[in-house]
Amino acid sequence: MSRRDITAVLSFSIVAIFFIFGALMIHPFGAPDETGMDDNIITNAQTETGANNAVTSVVFDYRGLDTLGETTILFTAVAAIIMIFRRLNK
Amino acid sequence: MSGMSKIVKTISGIAFPFITIYGLYIIAHGHLTPGGGFQGGAIVASGCAMILVSYGSIWTMNRVREKNLSILESLGAVCFILLALLGLGFGTVFFNNFLVGTNSLFGVVPAVGSGLANINTGGVIPLMNFAVGLKVIVGLFGIVLVMAYASRTKEGKK
Amino acid sequence: MIFNIPFIAVAALILIGLYAVIFKRNLIKMVIGITLIESGVNLFLITLGYREGSIAPIYTSSPGGIMALPVPQALTLTSIVIGVAVLALMLSLVIHIYRHYGTLDVRKIGGPEE
């Protein structure tokens, strides 16, 4: 076992301990702390966006910029993949 | 990949229209029921991937060029950004829902609370669902097609 | 403590993925580890937005009652599509690496050119 393996095992153990403690110390399941924004969206989504599905109204209306960035990521990934395989096929 | 047997080709050809119709239904009802552009697009792209697996990548690549796929995907992205910019032009801000409340296309405001579905609601949300759905269909199918075609050339070289 | 089981599942998923990323040598297994971390993050977001006894935030023929938080679900939707795109990109790069070096072992690639 080399020194690099010992370092990897040690750091992984520390991260694991933090994750387990975080999972045990977080607020109980089913009772989120801050719900003001979501309650506002649930109340007003039908009159403000006209959609019955509140999740879709969040995706395309309230947080449309997130969706714009996400479609940009998908577009970039497809362009990169086509570019990689076009070079490979020649 | 060079295609599978005749039974698989026939059965996948029968099942493909139903999968496509179901995916388009998910896209068109994205503002009413669970689903939307991403999920329905993934369903239709899965159907196209089934055709790709059963018929082989060479057959598919001869009929669907990746250039056409790129054009369609860019069309979806341009439609999405154009709808957002129309919100800036007709309304006040970027991504403004300018169609809701106008009683025109998709402009009806539904009754508050639980109720039956009315497809003529949602403002620009159904149009954005269609744009994103086109983009996801073509993007995912393009990824699968290009990767399958690249692995084909490797088998041919050996 | 028993009600925190979803959070413990999140921690387990992320730790299994981290283990695969750190200790495995095969590139495909590392990609699987990164996908497991993504799944853990998605599960964490969904778990944060759940309220006790709530229904999905959709008004069409809903039975009534309190609704789950819609914003974490929307962010998870975004995260899933980004995960698909990143997974496809990683696998393409792995194919590229395999054709270039002829191996998937991370200790053997990256050395001097041939």
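The preceding data block contains the structure.
Residues take numbers from 1 onward in each chain, read along the sequence in its written order. Numbering of ligands from 1 and lettering of chains from A proceed in the order in which they are written. Predicted model: local features are reported for residues with pLDDT of at least 70 only, side-chain atom pairs are reported and counted for 80 or more only, and whole-chain, interface and lining totals are derived from all residues. Hydrogen atoms and water are omitted, and side-chain values are computed over all heavy atoms in the structure.

**Q** Give a description of the interface of chain A and chain C that names residues and reports values.
**A** Counting from both sides, the interface comprises 40 residues of chain A and, opposite them, 44 residues of chain C. Buried area: the sum, over both parts, of the accessible surface (1.4 Å probe) that disappears when the two are put together. Interface of chain A and chain C: buried area, both sides summed, is about 4,000 Å²; carbon and sulfur atoms make up 77% of it. When the area that chain A buries against chain C is broken down by residue, the three leading residues are F12, F29 and I42 of chain A, summing to 18%. Here R51 of chain C makes a salt bridge to D39 of chain A, at a shortest N to O gap of 3.2 Å. The term polar contact refers here to a pair of N or O atoms within 3.5 Å; inside protein, the definition further demands a hydrogen-donor-capable atom paired with an acceptor-capable atom, and it admits residues adjacent in sequence only when both atoms are side-chain atoms. The tally of links from chain A across to chain C stands at eight residue pairs in polar contact (both at pLDDT 80 or more). Comment: elements are numbered from the N terminus, with helices defined as DSSP H or I runs of at least four residues and strands as E runs of at least two. Broken down by secondary-structure element, the contributors of at least two residues to the side of chain A that touches chain C are helix 1 (3-25), helix 2 (36-49), helix 3 (54-62) and helix 4 (64-89) of chain A. Here the nonpolar group is Ala, Val, Leu, Ile, Met, Phe, Trp, Tyr, Cys and Pro; Asp, Glu, Lys and Arg are the charged ones; every other residue, Gly included, is treated as polar. Looking at side-chain class alone, the side of chain A that touches chain C contains 29 nonpolar, six polar and five charged residues. We call two residues contacting when some pair of their heavy atoms lies within 4.5 Å. Criterion for a salt bridge: a side-chain nitrogen of Lys or Arg within 4 Å of a carboxyl oxygen of Asp or Glu.

**Q** How would you summarise the packing of aromatic side chains if you had to cite specific residues and measurements?
**A** The aromatic pairing rule takes the rings of Phe, Tyr and Trp, using the six-membered ring of Trp, and pairs them if the centres are within 6.5 Å, calling planes under 30 degrees apart stacked, those over 60 edge-to-face and the rest tilted. Per the counting criterion, the structure on display carries 12 aromatic pairs over all chains. Each ring, one from F29 of chain A and one from Y50 of chain C, has its centre 5.3 Å from the other, and the planes form 15 degrees; the classification is stacked. Of this pair, F29 of chain A sits in the loop between helix 1 and helix 2 while Y50 of chain C sits in the loop between helix 2 (27-48) and helix 3 (70-101), each in a different chain. Buried, partly exposed and exposed residues are distinguished by accessible area as a fraction of the type maximum, computed with a 1.4 Å probe on protein chains only: under 20%, between the cut-offs, and over 50%, respectively. Of the residues examined, F29 of chain A reaches a relative accessible area of 25% and is grouped as partly exposed. Grouped by ring-pair contacts, the aromatic residues F60 of chain A together with F38, F80, F94 and F95 of chain B constitute a single cluster.

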